[in-house]
Amino acid sequence: MNKIYQDCIEKATAISEGIARNTSELASKGYDTSIAQSLASLASRLKTEAEKYDEINEAATAQRQKCHELLDQLKAIVTESKVGIKSRYDQPAWQRFGLPDKK
């Protein structure tokens, strides 16, 4: 999990638990203790969403790696094709094979 998310979740949980333990004291000083529920609820939701994000990110990383492997293979074959054509034909003929007319 992202460090920023984790830190905020930990802080919110600690404050929520602290408020819950001291509800009567805080209420006597006019503090709205219902915020403890909001803190706990949002921290829980953020944790759930951050975990989903981590799963998606892992899948994206694996997919990106597959794409890079395919790209490397494709580049190698393109280069091999270009070298084969350029070595067998003069420059004016290269365009017939889809190669730019430059060295």
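Whatever comes next refers back to the structure up there.
Residues numbered from 1 in each chain as written. Predicted model: local features only at pLDDT ≥ 70, side-chain atom pairs only at ≥ 80, totals over all residues. Heavy atoms only, no water.

Thoughts on the overall build of the protein chain
- A count of helices and strands for the protein chain gives three helices and zero strands.
- For the protein chain, the sequential pattern of α-helices and β-strands runs α-α-α.
- Here the protein chain has a C-alpha radius of gyration of 30 Å; the compact-globule value for 103 residues is 13 Å, and the former is much larger.
- Along the three orthogonal principal directions, the C-alpha set of the protein chain runs to about 90 × 20 × 15 Å.
- Counting all 103 residues of the protein chain, 13% fall into the buried class.
- Long-range contacts, defined here as pairs at least 24 residues apart, represent 33% of the contacts in the protein chain between residues at least 6 apart.
- Accessible surface computed for the protein chain: about 8,400 Å², of which carbon and sulfur atoms make up 55%.
- For the protein chain, the centre of its 16 positive side-chain charges and the centre of its 15 negative side-chain charges are spaced 9 Å apart. (Helix = DSSP H or I, 4+ residues; strand = E, 2+ residues; numbered from the N terminus. Rg over C-alpha atoms; globule rule 2.2 N^0.38 Å. Buried < 20%, exposed > 50% of the residue type's maximum accessible area, 1.4 Å probe, protein only. Contact = heavy atoms within 4.5 Å. Areas by Shrake-Rupley, 256 points an atom, 1.4 Å probe, with all protein chains shown as cover. Lys, Arg positive; Asp, Glu negative; His and termini not counted. Charge placed at Lys NZ, Arg CZ, Asp CG, Glu CD.)

Section: the packing of aromatic side chains
- Under the defined criterion, the tally for this structure stands at one aromatic pair.
- Between Tyr-89 and Phe-97, the aromatic rings sit 4.7 Å apart at their centres with planes inclined by 45 degrees, giving tilted as the arrangement.
- Relative accessible area serves as the criterion here: at 37%, Tyr-89 is assigned to the partly exposed category. (Phe/Tyr/Trp six-rings, centres within 6.5 Å; stacked < 30°, edge-to-face > 60°.)

Considerations on the pattern of salt bridges
- Within this structure, the stated rule accounts for two salt bridges.
- The shortest N-O distance in the salt bridge between Asp-7 and Lys-3 comes to 3.1 Å. Taken together, the residues Asp-7 and Lys-3, both in helix H1 (residues 3-21) and four residues apart, mark about one turn of the helix.
- Residue Lys-52 is joined to Glu-49 by a salt bridge in which the shortest nitrogen-to-oxygen separation is 3.5 Å. Taken together, the residues span about one helical turn, with Lys-52 and Glu-49 both in helix H3 (residues 35-88) at a distance of three residues. (Salt bridge = Lys/Arg side-chain N within 4 Å of Asp/Glu carboxyl O.)

Concerning H1
- Relative to the 27 Å expected for 19 residues at 1.5 Å per residue, H1 spans 27 Å between its end C-alpha atoms, a close match to the ideal helical length.
- On the buried face of H1, the contacting elements are helix H2 (23-28) and H3. (Expected span 1.5 Å × (residues − 1).)

A few points about H3
- The terminal C-alpha atoms of H3 lie 77 Å apart, and with 54 residues this matches the ideal 80 Å at 1.5 Å per residue to within 8%.
- All of the buried residues in H3 are Ala-36, Ala-43, Ala-50, Gly-84 and Ile-85.
- In this fold, the buried residues of H3 make contact with H1.

A look at the packing of H1 against H3
- Running from amino to carboxyl end, H1 crosses H3 at an angle of 155 degrees, the nearest separation of the two axes being 8 Å. Regarding the angle of H1 to H3, the classification is roughly antiparallel. For the pair H1 and H3, the crossing hand works out as left-handed. Counting all contacts with H1, which are made through Tyr-5, Ile-9, Ala-12, Thr-13, Ile-15, Ser-16 and Ile-19, the residues of H3 involved are Ile-35, Ala-36, Leu-39, Ala-40, Ala-43, Leu-46, Lys-47 and Ala-50.
- Looking at the contact of H1 with H3 residue by residue, the classes come out as twelve nonpolar, two polar and one charged. (Axes fitted to C-alpha atoms, helices over the stretch in contact; angles between N-to-C directions. Parallel < 35°, antiparallel > 145°, perpendicular 65-115°, else oblique. Left-handed = near helix turned anticlockwise from the far one by under 90°. Nonpolar A, V, L, I, M, F, W, Y, C, P; charged D, E, K, R; others polar.)

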